[in-house]
Amino acid sequence: MNYYSLNHQAPNVSFREATIQGQAPDKGLYFPETIPTVDPLVIKNCKDYTKEELAMLVMQPYVGDAIDEKSLFRIVSETIGFDFPLVQVNDRISSLELFHGPTLAFKDVGARFMSRCLGYFSQQATGKVTVLVATSGDTGGAVANGFLGVEGVEVVILYPSGKVSPVQELQLTTCGQNIKALEVSGSFDDCQAMVKDAFMDADLNKALQLTSANSINVARWLPQQLYYFFAYQQWQDKGQPPVIAVPSGNFGNICAGLLAHVSGLPVKHFIAACNVNDAVPGYLRTGNYAAKTAVPTISNAMDVGSPSNFIRVMELFGSRYETIKEKISGYTVTDDTTRQTIADVYRQYGYVLDPHGAVAYHALQEYLGEHPEQAGFILETAHPVKFPDTVEAMIGKKIEVPASAQHLFGLEKKSIAMKASFAELKEWLLRG
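Residues numbered from 1 in each chain as written. Predicted model: local features only at pLDDT ≥ 70, side-chain atom pairs only at ≥ 80, totals over all residues. Heavy atoms only, no water.

## Quick word on the overall build of the chain
- Tallying secondary structure elements over the chain gives 20 helices and 14 strands in all.
- By the compact-globule yardstick of 22 Å for 432 residues, the chain fits well, its C-alpha radius of gyration being 20 Å.
- Projecting the C-alpha coordinates of the chain onto the three principal axes gives extents of approximately 60 × 45 × 45 Å.
- Looking at the chain as a whole, 61% of its 432 residues are labelled buried.
- Approximately 16,400 Å² of the chain is accessible, and the part contributed by carbon and sulfur atoms is 48%. (Helix = DSSP H or I, 4+ residues; strand = E, 2+ residues; numbered from the N terminus. Rg over C-alpha atoms; globule rule 2.2 N^0.38 Å. Buried < 20%, exposed > 50% of the residue type's maximum accessible area, 1.4 Å probe, protein only. Areas by Shrake-Rupley, 256 points an atom, 1.4 Å probe, with all protein chains shown as cover.)

## So, the sheet that holds strand β2 (residues 13-14)
- The antiparallel open sheet is built from three strands, whose spatial order is β2-β1-β3. In this open sheet, the two strands that pair with only one neighbour each are β2 and β3 (30-32).
- Sheet topology places strand β1 (residues 2-5) next to β2; two bridges connect them, and they run antiparallel. Bridging from a neighbouring strand, Y3 pairs with V13 of β2. (Pairing = 2+ DSSP bridges.)

## Description of helix α6 (residues 138-147)
- In terms of burial, α6 is largely enclosed, as nine of its 10 residues are buried.
- Where α6 is concerned, the buried positions are D138, T139, G140, G141, A142, V143, A144, G146 and F147.
- Contact partners of the buried residues in α6: α5 (107-122), β6 (129-134), β7 (153-160), α7 (166-173), β8 (179-185) and α10 (218-221).
- At the exit of α6 stands G149, carrying a positive phi of roughly 80°. (Contact = heavy atoms within 4.5 Å.)

## Observations regarding helix α13 (residues 279-286)
- Among the eight residues that make up α13, six are buried, leaving the element largely enclosed by the rest of the structure.
- Buried residues of α13: A279, V280, P281, G282, Y283 and L284, and no others.
- Each element contacted by the buried residues of α13 is listed here: β11 (269-274), α14 (310-316), α15 (321-327) and β12 (328-332).
- Following α13 by one or two positions, G287 adopts a phi angle in the positive range, close to 85°.

## Quick notes on the nonpolar core
- F15, F113, F147 and Y227 are the most contacted members of the largest nonpolar core, which totals 100 residues.
- Ranked by size, the runner-up nonpolar core spans 33 residues in total, among them V89, A273, V345 and A360. (Core = buried A, V, L, I, M, F, W, Y, C linked by side-chain atoms within 4.5 Å.)

## Describing the sheet that holds β11
- Taken together, the six strands give an open sheet; going across it, the order is β4-β5-β13-β10-β11-β12, and neighbouring strands pair in mixed fashion. At either margin of the open sheet sits one strand with a lone partner, and together these are β4 (86-88) and β12. Strand-to-strand twist of the sheet, defined as the mean angle between neighbouring strand axes without regard to direction, takes the value 25°.
- The pairing of strand β5 (residues 93-97) with strand β13 (residues 376-380) spans five bridges and is parallel. By the bridge assignment, S94 is partnered in β13 with F377.
- Across the face of the sheet, helix α11 (residues 226-235) comes into contact with β4, β5, β10 (243-247), β11 and β13 while running at roughly 140° to β13. (Axes fitted to C-alpha atoms, helices over the stretch in contact; angles between N-to-C directions.)

## Structural notes on the packing of helix α3 (residues 51-63) against α11
- The interhelical angle for the contact between α3 and α11, taken along N-to-C directions, is 135°, at an axis separation of 10 Å. Taken together, the axes of α3 and α11 are oblique relative to one another. The chirality of how α3 crosses α11 is right-handed. Here α3 contributes K51, L54, A55, V58 and M59 to the contact with α11, which in turn contributes L226, F229, F230 and Q233. (Parallel < 35°, antiparallel > 145°, perpendicular 65-115°, else oblique. Left-handed = near helix turned anticlockwise from the far one by under 90°.)

## Some details on the environment of D91
- Relative to the elements of secondary structure, D91 occurs in the loop between β4 and β5.
- Accessibility expressed as a relative area gives 69% for D91, which makes it exposed.
- Taking C-alpha positions, D91 is 8.2 Å from A375, a pair spaced 284 residues apart along the chain.

## A few points about the pattern of salt bridges
- Per the stated rule, a full pass over the model turns up 13 salt bridges.
- The salt bridge involving D237 is made with K47; its shortest N-O contact spans 2.5 Å. With D237 in the loop between α11 and β10 and K47 in the loop between α2 (40-44) and α3, the pair connects residues that are 190 residues apart, well separated along the chain.
- D237 sits in the exposed class, given a relative accessible area of 61%.
- With a relative accessible area of 45%, K47 lands in the partly exposed category.
- R431 is the salt-bridge partner of E427, the closest N and O atoms lying 3.4 Å from each other. Of the two residues, E427 and R431 both sit in helix α20 (residues 422-431), four residues apart, roughly one turn of that helix.
- Taken together, the shared-partner salt bridges in this structure form one network comprising R74, E78 and R116. (Salt bridge = Lys/Arg side-chain N within 4 Å of Asp/Glu carboxyl O.)

Here it is, written out as structure tokens:
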């Protein structure tokens, strides 16, 4: 499998090169030359496969001969070494819980897969790889955990000061070793712009071997398909394809789901559930796309005004507005509605949503109100304990910290303060 730049001004590359480069030299995102089709018999009999077998069948065509079969099976097995339960909330809505990994967030899947791929490639390469990543919340912790101790790889995480939750901040600032956290006085979009500028800077690329661990990197983006397949293993007996509501910020997650669907996974409809940073719902309503300046919300991981991965959604459907609108509905959910949804769902069903899951739940509830014959599930992308102030105020009780996260509160935060300035980032990186 080769990958091409969506700016179409750079050579096609292998999975290995796309993973190490992160972004094409012409500033475009990489996209697979062909979309593999999953055997319909595999879909029909998916419950007969283990998670590892199914993951291998999905991922192998994208990796090609860049990783040998035995090593790839080990990588996918380690990537998905935790549960992905589909929990029924009421008779029409279920929740795919993606927070049972080591950092309590869906991004554990992409970060673990990418870190292990880079670890494999670093054994064949000379020189250190520097992973540069911006985070609006969960990416930082997942990347830090996934790459911690990986030989030949240094990780630099940029996050917006004061705009991530306490648990999220501890997860990305307490690792040490080969992980460094830069606390930027700005927004996630500022952090992401600094990272993008770094990849395009000739001096930095001459001095460092840079790659990205954001979902712009194919090794972070592509494995997110897997939990959609795992969800279908648990959904299949319901007799009709699901409507899937995805909390959407940078649009890598929903784009991976759409890719799985194009590959053959039965899905009735997708919902892009956004907070007030809703450039894509605006496009779905009008046919005109306009990036926005990000504003802070209680669903902070979705505070993205210019989602990088939406161009991949456009590419997947040939930029045909009518086709995209047929596949995806967009919803805008305010903070007040998010809070009320957390309270209502807990009161009615005893289920605790995090703010991102609540955005998806409200959007799915609205959609199903207009389509009473359908049913579906949300992606619950982070554990509610990451957002204690919001969630506890709405459910009227304290959230128990999972055992896997309790140790964080005894660790010391270590971060490097930085202005929202590419020049300052460049100087810091060159000092090494």
